[in-house]
Amino acid sequence: MTSATYDVVAIGNAIVDVLAQSDDAFLDSEGMKKGSMQLIFEPEAADALYAKMGPGREVSGGSAANTIAGIAALGGKCGFIGQVADDELGKIFAHDIRSVGIDFDTPAREGEPTTARCLIFVTPDGQRTMNTFLGASQFLPAEALDADFIAKGEILYLEGYLWDPEEPRAAMRRAIEIARKAGRRVAFTLSDTFCIDRHGDDFRKLIADGLIDILFANENELQALAQSDDFDACVEKIAAQVPLLVVTRSEKGAIAVKDGTRVEVPAEPIARVVDTTGAGDLFAAGFLRGQAQGKSVADSLKMGAICAGEIISHYGARSEANLEKLVADKLA
C-alpha cells in the first residue's frame, strides 16, 4: 500500500449556509422542529423562506465540508468531492474551500438546479434549525470521482445526508470500493435521524458487510440505528459491529468504543453556547485529525471535544480561533 497524500478525503453536500437569528415563535409559525434539519424540495419554497429571514451571513458549509475545513485548520491535508452548479454560489463555495488549503476539483454542473443552500435559524439558546435545498449537490455522479484522488486519502469520510439522492449514493458506494481496494479506512457519519428513517436498512447493511471502519453518531442517531431507547444497549450492539464507534452526547460529552474498550470524554467547558451549527462536524474534524496522526482514541476524543467547544462559542461552522494552537495548548 502506497503512503497517503491526504489525511482525509471527504464526499459530501457542497452547500452555502445562510445563518440568521430567530426565535421559537417563528419556528412554530413555519412548522419547524427546533434543532432539526428538513429538506426543501422546490427552489420556490427556498426562495420564500429566504425572504422571511432576518439579516444573515453566508458561509460555505455542508457537513463533510465543515469537517474537512476543521481538519485543514488543525494542520491536516485534505481533499473534498462535492457537486456545485456553475453559478455565483458555486463560485463562492469553491473559493471558500480552496482558500483554506483544501483540494477541490469536482467540475461545476451546468444549468439548473442552483448550488445547494442551507437556511439556518439560530435561536437565543444556540440551537440551530436547518432548512436545506440540496440543488446541484444531489446530482454528484460516480463518473465525477477520481479514483487516484480517493486512494490518496488515509481516511475516506462520507456524509449520511448525501445518501438520500440516487446519484451521490451510487458515487459513495463506488468511493467505498476504491478506498477499501487501496487499503484505506472508511468513516461514515449518520448525519440525522431522518437519514436513518429513510435509509437505516442501507446503513445497517454497510455496517454488517464490514464496509465502515469508523462510525460517527449522536445519541439520538445511535438509538435510531440500533432501534432501542436504551443508550448503553445501543452502544454495545453497534460497537460489536464496527471497529470504531464514536458517539457525541452534547453537554454529556462523547464516547468511543474500539475493540470492546469504551473511552469517554466530557464536553469542553465554554462560557456560553452561541450556535450549535457544526458542533458534530467539528467534533469529527478533531477526532479524524487525531486518528490520521496516529493518536490514541482518548486523545482523538479530546481533540474532537475541543473543536466542538470552539465552534459552538460563536456563529457559524468554521473556526474563528487558531484551532491547531488551541488543541496543542489544551493537550499539552
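Residues numbered from 1 in each chain as written. Predicted model: local features only at pLDDT ≥ 70, side-chain atom pairs only at ≥ 80, totals over all residues. Heavy atoms only, no water.

### Here we look at the packing of aromatic side chains
Each aromatic ring pair is summarised here by two numbers: the centre-to-centre distance and the angle between the ring planes. The line we're drawing: Here a pair means two rings of Phe, Tyr or Trp (six-membered ring of Trp) with centres within 6.5 Å. Their orientation is stacked below 30 degrees between planes, edge-to-face above 60, and tilted elsewhere. Every helix listed is a DSSP run of H or I at least four residues long, and every strand listed is a run of E at least two residues long, numbered separately from the N terminus. Each residue gets one of three labels from its accessible area relative to the maximum for its type: buried under 20%, exposed over 50%, partly exposed in between, using a 1.4 Å probe on protein chains only. The criterion is that NZ of a Lys, or CZ of an Arg, lies within 6 Å of the ring centre and within 35 degrees of the ring normal, and then a charge sits over that ring.
Applying the stated rule across the entire model yields eleven aromatic pairs. When the centroid spacing of 5.3 Å and the interplanar angle of 70° are considered together, the rings of Tyr6 and Phe149 count as edge-to-face. Separated by 143 residues along the polypeptide, Tyr6 in strand S1 (residues 6-11) and Phe149 in helix H5 (residues 147-151) bring together distant segments of the chain. An identical accessibility class is assigned to Tyr6 and Phe149; each is buried. Centroid distance Trp163 to Phe188: 6.0 Å. Interplanar angle 80°. Geometry classified as edge-to-face. Here the residue Trp163 occupies a position in the loop between strand S9 (153-159) and helix H6 (166-181), and Phe188 occupies one in strand S10 (residues 185-189), the gap between them amounting to 25 residues. The residues Trp163 and Phe188 share a single accessibility class, namely buried. By the ring-pair criterion, three or more aromatic residues cluster together here, those being Phe80, Phe93 and Phe104. Over the ring of Phe139 we find Arg109; its NZ or CZ atom is 4.5 Å from the centre of that ring.

### Considerations on the UniProt feature "domain: Carbohydrate kinase PfkB" (unreviewed entry) in the chain
For the record, the criterion: UniProt positions are given in the numbering used here, feature names are shortened, and annotations may be inferred rather than shown by experiment.
Per the UniProt entry, the sites bearing "domain: Carbohydrate kinase PfkB" (unreviewed entry) are residues 57-319 in this numbering. As annotated, residues 57-319 comprises 40% helix and 21% strand, and the C-alpha atoms at either end are separated by 15 Å.

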